[in-house]
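Examination of the molecular architecture
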Amino acid sequence: MFVTSPSILQLKSFSLNTPFLHGSTPFNHLFKSSAVSPPPPPPFLPVIKAMRTLQGKVVCATSDKTVAVEVVRLAPHPKYKRRVRKKKKYQAHDPSNQFEVGDIVQLEKSKPISKNKTFVAVPVPSRNSPKTKENTSQQELGLPLESEQPVS
C-alpha cells in the first residue's frame, strides 16, 4: 500500500559521491605538500620600537655595575580620566659605576644581562649646554651673514 511517486524515486537514485562520506577517505589530499613554502614576508614591514629607550632618575646605586632607575610616566585614571603619575623601577647595567643617586639617565634596551636587567644606563646630554647654531652655520659656509656685511 506504499505508493512510490516519481519524486521519491529520483531521491533514491540520487547518491552522494563525496569522499567524506562515513569518514572513509584519509585527509592527506587536503593538505598542501611540504614542497610549497609560504611566501616570504614583505620587506617593508615597520620595525616596532616600543619601549626601546626610557628616561628616568637613579634611585639606588649601591650594587656593583647595577643601578635602579625610576621611570615616571603619565597615564589616564581608569575611572576619572585624569592623568596620574605612574612610577616603575628598572634595574639597568652600569659597567663603569659612573652614575650616582639623583642622576638623570636614559635606558636603552639590550639583550638580557641577568634575570632582571635588560637595560643599559646611558648618560643624558644636559639641556643647559649653550647652543652655538649661528656660529656653526657661518663656519660651515665660510661666508659672513647678510646682517654682518657692511652696508654700502
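Identification of the protein chain as Small ribosomal subunit protein uS17c from Abeliophyllum distichum is taken from an unreviewed UniProt entry. According to its UniProt record, the protein chain has this under Sequence similarities (unreviewed entry): "Belongs to the universal ribosomal protein uS17 family." According to UniProt, the comment filed for the protein chain under the heading Subcellular location (unreviewed entry) is "Plastid, Chloroplast".

So, about the nonpolar core. Ranked by size, the top nonpolar core spans 12 residues in total: Leu54, Val58, Val67, Val69, Val71, Tyr90, Ala92, Phe99, Val105, Leu107, Phe119 and Ala121. Mapped onto this core, the elements with two or more residues apiece are strand S1 (53-60), strand S2 (66-76), strand S3 (83-93), strand S4 (104-109) and strand S5 (117-123). A per-element tally of this core places S2 first, with three residues. Discounting chain neighbours no more than four positions away, the residues touching Val67 are Val58, Cys60, Ala61, Tyr90, Gln91, Ala92, Asp94, Phe99 and Ala121.

Moving on, we come to the pairing of S5. Bridging between S3 and S5 involves three bridges; their strand directions are parallel. Paired with Gln91 across the strands is Lys117, a residue of S5. By the bridge criterion, five bridges tie S4 to S5 in an arrangement that is antiparallel. Residue Leu107 lies in a different strand from S5, and its bridge partner there is Ala121.

What counts and how
- Residues numbered from 1 in each chain as written.
- Predicted model: local features only at pLDDT ≥ 70, side-chain atom pairs only at ≥ 80, totals over all residues.
- Heavy atoms only, no water.
- UniProt positions renumbered as here; feature names shortened; annotations may be inferred.
- Core = buried A, V, L, I, M, F, W, Y, C linked by side-chain atoms within 4.5 Å.
- Buried < 20%, exposed > 50% of the residue type's maximum accessible area, 1.4 Å probe, protein only.
- Helix = DSSP H or I, 4+ residues; strand = E, 2+ residues; numbered from the N terminus.
- Contact = heavy atoms within 4.5 Å.
- Pairing = 2+ DSSP bridges.

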